[in-house]
Amino acid sequence: MTRQGWILFAFLCLVWGAPYLLIKIAVAEVSVPFLAFARAGVGALALLPFAFMQGGFGWIRKCRLPVAAFCLVEMVVPWGLIAHGEISVESSTAGLLIAFTPIATVVVTRLTGASEPLSPARWAGLALGLIGVFVLAVPALGGSLLGIVEIVLAAICYAVGSIIAARWLKDAPAIPLTAICLIGAALAYAVPAALTAPETLPSMPALSAIVGLGFFCTALAFAAFFVLIREVGPERTSFITYVAPAVSVLAGAFALSEPLDARLVVAFAFILCGSWLGTASPRLAAPSQRLATADAT
C-alpha cells in the first residue's frame, strides 16, 4: 500500500475498533433503534455541509439502487444487529467477531465472479488473522448464541457493503454518498426510535458515546473508508477488521474492565501479522502468479 493507504488504514482501525465500546455504553441506557437513529443523525448533520460543498446529490439519479443497497447492508441492518447483540455480548467479543468480514469478503467476491489475485502471503494472512480471532473469541464467547449470530451476520453485511462500494459506487463522491446513506439510515429508524425514546435524558457517558459514534466512528470513518477502498480495493480494506478487534479488546479492558490476559496478547500478535500479510502489495505474489497475471494482460 501507499503511504496514504497506510495512514487511512491506521485511522480506520482506531475509529472502527472503538464503536463496540461506545455501543456497549450507550445501549445500556437507550434502545437499539434510538441508538441507530441518533448515530446516523449525528453523522449526517456532520457531513451535510461538506456534501453540498462537493456538489450535492444530483449524481444519485444514476445509481439509486446501489446506494440503497449499500445503505441497507452497511448501515441499517448491521447497526441494529450489532447493538442488539451487544446487549448480551461483551464489546471486545463483538469486535472480534466482526473480524469474520475479510473471510466473507473473499468468499462473496469469488461467488460473484470477480476478485483481485490472492498470493500465498495473503492467504497466509487470512489464516493467521482467523486463528487470532479464534484464540480470542472461542474460549470466551460470553453471551447468548443469538447475540453472537447477530454480530456474525453483521460482519457478512459489511463484506457485501465493501463489494458494492468497490464495484458500483467507486465513482460516487465519498462525502455526499456517506451523507445520503446516513440520512436513509436515520429515516429507516426514525419511527421505532420515536416509539422507544428514553423517558429521561441519558447520562453524560451515554450521550458522549452516541456523539462519538456519529461523528468520529461514522462521519469521518466512512469518508476515509471510500478513499481507502479506491486506494487498495475491497479485500485489503476489509483487513481493517483484523486490527480493529485488537483495539476493541484494549478499549473494553481499560474502560469496562473486560478480560485482558496473555491469551489476548498472543491473539493480538496473530491478528497484526495477518493484517500485514493480508494487505501485502501484489508484488509479493509468487512468481508463477505474476507470470499468469502478465499473460492475462
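From a predicted model like this one, the values you see are computed outputs, not experimental measurements. Every chain's residues receive numbers from 1 upward, in the order its sequence appears when written. In keeping with the model being predicted, local features are shown solely for residues with a pLDDT of at least 70 and side-chain atom pairs are shown and tallied solely at 80 or more, while totals for entire chains, interfaces and linings include all residues. Side-chain measures were taken over the full set of non-hydrogen atoms in the model, leaving aside hydrogen atoms and water.

**Details of the overall build of the chain**
Every helix listed is a DSSP run of H or I at least four residues long, and every strand listed is a run of E at least two residues long, numbered separately from the N terminus. Secondary structure summary: the chain contains 14 helices and zero strands in total. From first element to last, N terminus to C terminus, the chain shows the α and β order α-α-α-α-α-α-α-α-α-α-α-α-α-α. Throughout this description, buried means an accessible area under 20% of the type-specific maximum (1.4 Å probe, protein chains only), exposed means over 50%, and partly exposed covers the range between. The buried share among the 297 residues of the chain stands at 54%. We call two residues in contact when some of their heavy atoms are within 4.5 Å. Intrachain contacts of the chain at a sequence separation of at least 6 include 91% that bridge at least 24 residues.

**Some words on the nonpolar core**
Leu12, Leu35 and Phe70 are the most contacted members of the largest nonpolar core, which totals 80 residues. By residue number, the principal contributor to this core is helix α10 (residues 204–232), which donates 14 residues. Setting aside its immediate chain neighbours within four residues, Phe70 contacts Met75, Gly161, Ile164, Ala165, Leu169, Cys181, Phe222, Phe225 and Phe226. Residues enter a nonpolar core if they are buried and are Ala, Val, Leu, Ile, Met, Phe, Trp, Tyr or Cys, with the set joined through side-chain atoms within 4.5 Å.

**With respect to a nonpolar patch on the surface**
Exposure above 30% relative accessible area and the lack of any salt bridge qualify a residue for a patch; like charges then connect within 9 Å, and the nonpolar side chains Val, Leu, Ile, Met, Phe, Trp and Tyr within 5 Å. Methods summary: accessible areas were calculated by the Shrake-Rupley approach with a probe of 1.4 Å, and residue burial reflects only the protein chains presented. In what follows, salt bridge is the name for a side-chain nitrogen of Lys or Arg lying within 4 Å of a carboxyl oxygen of Asp or Glu. A surface patch of nonpolar side chains, about 410 Å² in accessible area, is lined by Phe11, Val211, Phe215, Phe216 and Leu220. When residues in the nonpolar patch are grouped by element, the largest group, four residues, is from α10. Along the polypeptide, Leu220 turns up in helix α10. For Leu220, a relative accessible area of 35% puts it in the partly exposed group.

**A look at helix α2 (residues 19–27)**
Summarising burial for α2: seven of the nine residues are buried, a large majority. Of all the positions in α2, only Pro19, Tyr20, Leu21, Leu22, Ile23, Ala26 and Val27 are classed as buried.

**Notes on unusual backbone geometry**
For Ser257, which is not glycine, the phi dihedral falls at a positive 60°. Turning to its location among the elements, Ser257 is positioned in the loop between α12 (240–256) and α13 (262–278). Given the relative accessible area of 66%, Ser257 is considered exposed.

**Considerations on the packing of aromatic side chains**
Put simply, two rings from Phe, Tyr or Trp (the six-membered ring, in Trp's case) pair if the centres are within 6.5 Å, and we call them stacked under 30 degrees between planes, edge-to-face over 60, tilted for the rest. What the rule picks out here adds up to seven aromatic pairs. Where Trp16 meets Phe222, the ring centres are 5.6 Å apart and the plane angle is 70°; that geometry is what we call edge-to-face. Here Phe222 lies in helix α10 and Trp16 lies in the loop between α1 (3–15) and α2, a separation of 206 residues in the sequence. Accessibility assignment for this pair places Trp16 and Phe222 in one class, buried. Members of the aromatic cluster, connected to one another through ring pairs, are Trp16, Trp79, Phe222 and Phe225. Positioned above the aromatic ring of Trp79, the side-chain terminus of Arg39 is 4.1 Å from the ring centre. Geometrically, a lysine NZ or arginine CZ counts as sitting over a ring once it is within 6 Å of the ring centre and also within 35 degrees of the ring normal.

**Description of the environment of Ala188**
With respect to the secondary-structure elements, Ala188 resides in helix α9 (residues 174–195). Sequence separation of Ala188 and Val77 is 111 residues, and the distance between their C-alpha atoms is 10.0 Å.

**Concerning the side chain of Glu74**
Structurally, Glu74 is set in helix α4 (residues 64–85). Neither His nor the chain ends contribute to the count of charged residues, in which Lys and Arg are positive and Asp and Glu negative. Among buried Asp, Glu, Lys and Arg side chains, Glu74 stands out as unpaired, with Arg39 the closest opposite charge at 8.6 Å. Those residues in contact with Glu74, other than ones at most four positions away along the chain, are Trp79, Cys157, Tyr158, Gly161, Ser162, Phe222 and Phe225.

**Section: the side chain of Thr218**
Relative to the assigned elements, Thr218 resides in helix α10. Residues adjacent in sequence count toward polar contacts only when both atoms are side-chain atoms; beyond that, a polar contact is any pair of N or O atoms within 3.5 Å, and within protein one must be able to donate a hydrogen and the other to accept it. Separated by 2.8 Å, the side chains of Thr218 and Arg39 make a polar contact.

**Some details on the environment of Ile87**
By the element assignment, Ile87 lies in the loop between α4 and α5 (91–97). Sequence separation of Ile87 and Val32 is 55 residues, and the distance between their C-alpha atoms is 9.2 Å. Excluding anything up to four places from it in sequence, Ile87 contacts Lys24, Val27 and Val32.

**Let's talk about the packing of α4 against helix α8 (residues 145–168)**
In this analysis, axes come from line fits to C-alpha atoms, helices being fitted only over the stretch in contact, and the angle between any two N-to-C directions falls in the range 0 to 180 degrees. The contact between α4 and α8 brings their axes to 8 Å, and the two run at 160°. It follows from the interaxial angle that α4 and α8 lie roughly antiparallel. Of the two possible hands of crossing, α4 and α8 adopt the one that is left-handed. Classifying every residue of the contact of α4 with α8 by side-chain character gives 19 nonpolar, five polar and two charged. Geometric relationships in this document are graded by angle, where less than 35 degrees denotes roughly parallel, more than 145 denotes roughly antiparallel, 65 to 115 denotes roughly perpendicular, and other angles denote oblique. Note on convention: the crossing is left-handed when the near helix lies turned anticlockwise from the far helix by less than a right angle, right-handed when the turn is clockwise. Charged means Asp, Glu, Lys or Arg here, nonpolar means Ala, Val, Leu, Ile, Met, Phe, Trp, Tyr, Cys or Pro, and polar covers whatever is left, Gly included.

**Some words on the environment of Pro66**
By the element assignment, Pro66 lies in helix α4. Contact partners of Pro66, with chain neighbours within four places excluded, come to Ile164, Trp168 and Leu169.

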